[in-house]
Each structure stands twice: as structure tokens, then as C-alpha cells.
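Breakdown of the fold
These are the residues of each chain, in order.
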Amino acid sequence: MKRRPEGVRTRVVHCDVGFLKTLKTFHGGHMRFSKTCVPTLRETPSEAEAASHRLLLRAGYIRRLASGLYIFMPLGWRVMERINAVIREEMARIGAQELLLPVLHPADIWQKTGRWFEIGEEMFRLRDRTGRDMCLGMTHEEIMTWLASREIRSYRELPQVWYQIQTKLRDEARPKSGIMRTREFIMKDSYSFDRDENGLARSYSLHEEAYHRIFRRCGLRFYQVESDPGMMGGAGAHEFMAPSPAGEDDIALCASCGYAANVELARSVPPEAEPVEMPFEEVHTPGKRTVQEVSAFLGLSPEHFIKSLLYVSDSGPVLVLLRGDQELQERKLQRLVGPCRPARKEEVVEILGVEPGFIGPMGQQVRTVADEVLREGVYVSGANRADHHVKGIRPGRDFTAEWADLHLAKAGDGCSACGSPLRIERVIEIGNIFKLGTKYSVPLKAYYLDENGKEHPIVMGSYGIGPARIAAAAVEQNHDDNGIIWPEGIAPFDAMVLPLQMNSEDVLRVSEEIYRGLTDRGIDVFIDDRDERAGVKFKDADLIGIPLQVIVGEKGLRDGVVELKTRRTGEKRTVKADDAAGEIAEVIRRARQPAAGSA
RNA sequence: CGGGGCGUAGCGCAGCCUGGUCAGCGCACCUGCCUUGGGAGCAGGGGGUCGGUGGUUCGAAUCCACUCGCCCCGACCA
């Protein structure tokens, strides 16, 4: 071990012995600031942009090791463990069993489901010393299903819900926003095993309930929205989304009927185009390529145009048609035609025989898919001839196409269910639930025997929660200029005691009494026993964001009181210094009611 | 992977355009005095291969090339 140079005083020491005793449960506990590594920063490190990233760094909760790799400092880890404790309680409530799987997986299991080949660079791969292919788990469907295939034989053993809180590794293309998107992260992932679809539906709704309880207890505002099952495969999927401008996803919401979906699949009805009449004719449009240019040139608004885009899929080129004022939601296209990308300019010329800008739906031989919005009306589009467009195109008469929902839902579009205007909100994905069906159980041979001795694949679901995302979202939704304001359910401590004058015997005595008194009552307390000026302690306390501050100063003690400051509101009240702990404990107990909920 | 930006003391930054007292500032840290309810004051002090490598030059933090790392936007996100 390297020795520190003489004379360098270390601030990194151990926590209270008393805390060690309770450490096992991660509940309860008390710590002294002077003996805890809480390196607060007066200034924001330049790498941080998002509020949660900035504040968690400044308040000493996290440190960055490398891009997308974060260290949880003592306070940060306490928050994570509090979140995990909430998750464990709620998982237990629905009868889920906790277990722990390896992070290092043999390749052959992933090869059996095909994901070894489908997943690209995002999977960390390696070989062991014998040359066997291995990977680091980015999720655990394969391993859980493997386990089930060996251990579950009979319908009598179903249903089962297994979960773990385990590290996942994904070589993210772009880690970002501190702990929001990292390459290594902890995830609660559970898997349900049922004999049929009805059983799955039950397991699924149990998880829905558990997730609502978990996120509410963590003090988050959140939505449950329909999501894209994607490559997870299967019948249905929802995401739990915490609204925040720092998020990475957008969701569409209908205030009147409650429709809520990720924009990746949200259906919407764009505003109708004013009907116009135009004769069928080719027009000269020299150098006018984009919808905007042609629209201005012809004096016709964009919704009277057909936008033609060429994509290249694994099965060949696809011509995509959208109304001129609409944008393509690529996910929707991918669900229809498989993985695809926009064609390059040369490819467009080669495949369609015309330059981008003058492509149109008429007379082309390639597979053509068109957004439903185009079914009715008369349009202008490219003539498939340089510098020319065609007016008066009627879908169905002048071209045929596969019809599909392809456009991106926008704010103000009509709700596809009830017609009311949709709202779009930016969100952080904090959890997801998927109906997997038999996508994994079949290839991995996870079968059970029914009452008649007949073999069936187990019907599965998978359900994830990102505790670090919860922490990040909680900070995003709960902070002010001075720092973090933790929701009561996940704060690293319930209360923080601030002795303002460390040279005053009375201040110290009362502070210690409160510290011990609260601890004895099962309250988690942090005491700032550093020999710092009052101002420093106030600033750090606000930054760190523990919900209740107990301010013990000579000023108050002269009147026989200590002050309680609520971090969120800044409100202060006084309580008698004698036996203050009892009253403070009562205040904390009352504040523990969950504050937020499904938005 | 495409686009943009940034690497100078633990943190935040100036200096770079126009090479030459440019190794500098604030905070933090150490010592002393003083102060003690919202990141005090004064005095003194320690700390930097200017991300790395190679070039241009009498001379490079500064110009050029390559390289590594990091951040932001986009793509991706099983």
C-alpha cells in the first residue's frame, strides 16, 4: 500500500462504529461529516451539464472514473441503497424472489437465442484463457431462461418471479449526463415465468402495480406509457417515464383520454389539409428540391406535397412517402421493414434513376410504403425527372403503396383515440416492462409439463428498473439554485444536524443529544461536526439536500431552542432544545408520506 | 460512427490569433494572526513534464502533423 506523504492530512476516514453495526441492513445509521468522504465542490466541474450531473458531482455523491463509469461516494451509495431497499420491499410484496446471476456469460447461451449475432458493438465480448467466447451481461433474459429451463419442470412450479439487482455492462455509443447513461450500471431486473398468456398478464400487472408504488415512494413524477417492444420481442411493453428536460426520450400524452406513448410508436392525427383542386400536370421546378423550396416556388403549403425518401433495408430499397409537413419516425419504418438507413445520394440515383429532390411515387418499381395521412387528397411530388414535379397526384389512382403509420407525432396533433390535442413531453426512462412470450423459452428449451403431461414453453415477461436513473431523475425534478432537495424516501439521511459553533460546549452538548436521540429513534442522521464556519455548513447542507436540517446555534440556545429548517421550502420553525429529538422524530415521521406519484 | 468544442496546479479559468519576463488569476491546501448564524479578513507559503508524440524555429503552452482523453449535438440504445 502506498503511504501518504507525511504532513498530508487525510479527510477520508471511516464512518462511526455505530454505523458499522447497522451497515448490514443499510437502514438506520448515522455519520459524522468530519469522518466521511463528502468532497463538496464550490464550483461546477466543466464536464457537467445536466442538473443532476452537476449537483451530484458538486455535492460529493459521485465521481467519474472514465467516460460512462462512475464511482458512488458514501452519500451516493446510501441513496442507491435506499432506492434498492424500496425496490426490494415492493418486489417482496408481489412475491418476487431475489437471487444473483453472474455478470460474465458464456457465449453459447446468447448464441442460442441469436442475440450474440444480432447485437453489435454494444456488447462487451472477451475470451477466457481457454479461448472460449464470453460476454459481459447487458441484460439477463438468456441466463434467467437457462436457469428456468433446468429448474422448472411442472406447471405446479409456476408461476415464478425471479429478480436481481445486478451490474449490467453495455459499451454505449454515447454515455451522457453523469449517471443517466453509463456503460456500467446497476439494474433491478425481474423475470416472470407463467404457463400461459393469462398468467403473464397477471405477472405483468403485478409489476405495473409494484412499479407505481416504487416510483411514488421514490418521490418521482412519472408516466406509464406504451413502448416499442423492439428486439426484446413479444406482445406488449410499457415504459415508466419521469418528465425532465434532461431526458432522452419524448412521449405523447393526451390529457382527455389518457393515451400515453413513446413517440417512437405514438399514433397521431395531424391537422387536416385544406382541400384544394389541381389538374394533373408536370411542372418545371428548376433547382427546387426540398418541400419548402418547391412549396414556396409553387405557392402551395407543404401539406399538399408528398415527401419521398429512399431508405435501404436488409431486403432492399424502400421508398417512403410522407405528407410534406410531416416527419418520418424511423422506428415505425423499422418495425415495418426491418433495420434500415437513409440511402446515400449515389444510391438514390442508381436505384431510382433520379437525384434526391425530384423523387416521386409514380412509376417506381421499388417497394413503397406510405404514411396513412396520405390516403386522401391531391398532392404535388417529384416527377422522377430532374427539375420537374408533378401536380394533381391522387394516391391509389396514380400510385400504390403499403399503408402504415410512419409519421412522427407532434404537439398539437389529434389524439388517435379521442381527437383531443396531444402534448409532447421530454422524459427520462426509469423503468420498463415487457411481455416476452416464448421468445427466449423456446430456443433455450424452457418447457414445463401441464396436467396432461403435455409439454409447453414457459411464457415470460421481463421488467427493469434503473436505480441510478431514479436518483438522477429525482435530482432533476427536485433541486433549486442552492442544490439538491431529496425526496424523503430516498435521501441519504432523514436529518442533518448543524452545530454552528464547535467551540461552544452547549452547542456541542445539545447537538450530540439530538444526534443520539434521533439515532435511537431509528432516524438516519448526519451531523456536520466539522470545525467550519456557519456559512460553510449552511451552504453544504443545502447542496447535499437532506430534507430536514436541525440548526443548533448559540443564538437559539440563548432562548432554549434549536431550529428546524425544511430544505424544500426553506421554512424554519423552532423546537425546545430540551428533548428536541422526540419532537424532531415526530416531524420526520409525518413528512415521510410520499409526495409525488403517477402524473 | 458523423458534426462541434475542450485538455494549462485538486477545482474553475486567463494566456494561444500576433512564438521571446506567460508559468498566471480565483477557489481549495499549509503556517500565523484575527474572525465565528449563509462558502470571512490580513500576512506568508507549497504545488504545474501547459494531455502525449513528432515536427517547424535561435526559441513553442502559443504554429503544423499525428495521437490519447473528455464534453455537447446527431445516429445508436436489445
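Here, every reference points to the structure presented above.
A few points on the structure. Within each chain, residues carry numbers counting from 1 in the order of the written sequence. Each chain takes a letter, starting from A, and each ligand takes a number, starting from 1, following the order in which they are written. With pLDDT at 70 or above as the cut-off, local features in this predicted model cover only qualifying residues; side-chain atom pairs require 80 or more to be listed or tallied, and sums for whole chains, interfaces and linings still use all residues. Hydrogen atoms and water are omitted, and side-chain values are computed over all heavy atoms in the structure.

Structural notes on unusual backbone geometry
Residue L158 is joined to P159 through a cis peptide bond whose omega torsion reads -5°. Secondary structure elements are defined from DSSP: runs of H or I of at least 4 residues count as helices, runs of E of at least 2 residues count as strands, and each element is numbered from the N terminus. Tracing the sequence through the fold places P159 in the loop between α6 (141-151) and β8 (160-169). In this structure, S177 is a non-glycine residue whose phi angle is positive, near 50°. Secondary-structure assignment places S177 in the loop between β8 and β9 (184-194).

Here's the deal with the pattern of salt bridges
Each salt bridge in this description consists of a side-chain nitrogen of Lys or Arg and a carboxyl oxygen of Asp or Glu lying within 4 Å of one another. Taken as a whole and judged by the stated rule, the model has 51 salt bridges. Residues D529 and R32 are paired through a salt bridge, measuring 3.8 Å at the closest nitrogen-oxygen approach. On the criterion of sequence distance, the pair formed by D529 in the loop between β31 (525-527) and α13 (534-544) and R32 in strand β1 (residues 30-32) is long-range, its members being 497 residues apart. The exposure class of R32 is buried, given its relative accessible area of 16%. The salt bridge involving D528 is made with R530; its shortest N-O contact spans 2.8 Å. On the basis of relative accessibility, which here comes to 0%, the residue D528 falls in the buried class. On the basis of relative accessibility, which here comes to 15%, the residue R530 falls in the buried class. Classification of residues uses two cut-offs on accessible area relative to the type maximum, computed with a 1.4 Å probe and protein chains only: under 20% is buried, over 50% is exposed, and between them is partly exposed.

Some points on the environment of I544
Secondary-structure assignment places I544 in helix α13. With a relative accessible area of 0%, I544 lands in the buried category. Every residue pair with non-hydrogen atoms within 4.5 Å of one another is taken to be in contact. With residues near it in sequence (within four places) discarded, I544 still touches F33, V38, T40, A59, Y61, L75, I484, W486 and M496.

Observations concerning the packing of helix α3 (residues 74-93) against helix α11 (residues 467-477)
Running from N to C, α3 and α11 cross one another at 115°; their axes reach a closest spacing of 9 Å. In terms of axis orientation, α3 runs roughly perpendicular to α11. Remark: the crossing between α3 and α11 carries right-handed chirality. Facing α3, whose interface residues are V79, M80, I83, N84 and I87, α11 presents P467, A468, I470 and A471. Under the scheme applied, nonpolar residues are Ala, Val, Leu, Ile, Met, Phe, Trp, Tyr, Cys and Pro; charged residues are Asp, Glu, Lys and Arg; polar residues are all the others, including Gly. Considering only residue class, the contact of α3 with α11 consists of eight nonpolar, one polar and no charged. Axis angles are defined between N-to-C directions and span 0 to 180 degrees, where every axis is a line fitted to C-alpha atoms and, for a helix, only to the segment in contact. Angle categories: roughly parallel below 35 degrees, roughly antiparallel above 145, roughly perpendicular from 65 to 115, and oblique for all the rest. The handedness criterion is simple: a crossing whose near helix is rotated anticlockwise from the far helix by less than a right angle is left-handed, and one whose near helix is rotated clockwise is right-handed.

Details of the protein's contact with RNA strand B
Throughout, near means a residue has at least one heavy atom within 4 Å of the molecule or strand. Near RNA strand B lie 47 residues; those nearest to it are R42, I119, R181, D542 and E563. Among the atoms of RNA strand B close to the protein, meaning within 4 Å, 51% are from sugar or phosphate groups. Pairing of N or O atoms within 3.5 Å defines a polar contact, subject to two protein rules: one partner must be a possible hydrogen donor and the other a possible acceptor, and residues neighboring in sequence count only if both atoms are side-chain atoms. At a separation of 3.0 Å, a base nitrogen of RNA strand B approaches a polar side-chain atom of D540. Put simply, the parts of the chain that give the surface near RNA strand B at least two residues each are β2 (62-66), α5 (115-118), α9 (330-337), α13, α14 (554-558) and β33 (561-566).

Structural notes on the sheet that holds strand β7 (residues 133-136)
In this analysis, strands are considered paired if DSSP registers two or more bridges between them. Strand order across the open sheet formed by three strands is β5-β7-β6, with antiparallel pairing between neighbours. At either end of the open sheet lies a strand with only one pairing partner, and these are β5 (104-106) and β6 (125-127). When the angles between neighbouring strand axes are averaged without regard to direction, this sheet yields 35°. Alignment of β5 against β7, held across three bridges, turns out to be antiparallel. Note on β7: the bridge partner recorded for P106 is M134.

Overview of helix α15 (residues 580-591)
To estimate how far a helix should extend, the number of its residues minus one is multiplied by 1.5 Å. Between the first and last C-alpha of α15 there are 17 Å, a value that for twelve residues agrees with the 16 Å anticipated at 1.5 Å per step. Check the buried side of α15 and you find it contacts β30 (495-499), α12 (505-520), β32 (548-552), β33 and β34 (572-576).

Digging into the nonpolar core
Put simply, buried Ala, Val, Leu, Ile, Met, Phe, Trp, Tyr and Cys residues joined by side-chain atoms within 4.5 Å make one nonpolar core. By size, the foremost hydrophobic cluster in this structure holds 66 residues, and its most contacted members are Y61, Y211, F215, I430, I470, W486 and I544. Beyond its immediate stretch of four places on either side in the chain, Y211 contacts K188, S190, F240, N432, I433, Y463, G464 and I465.

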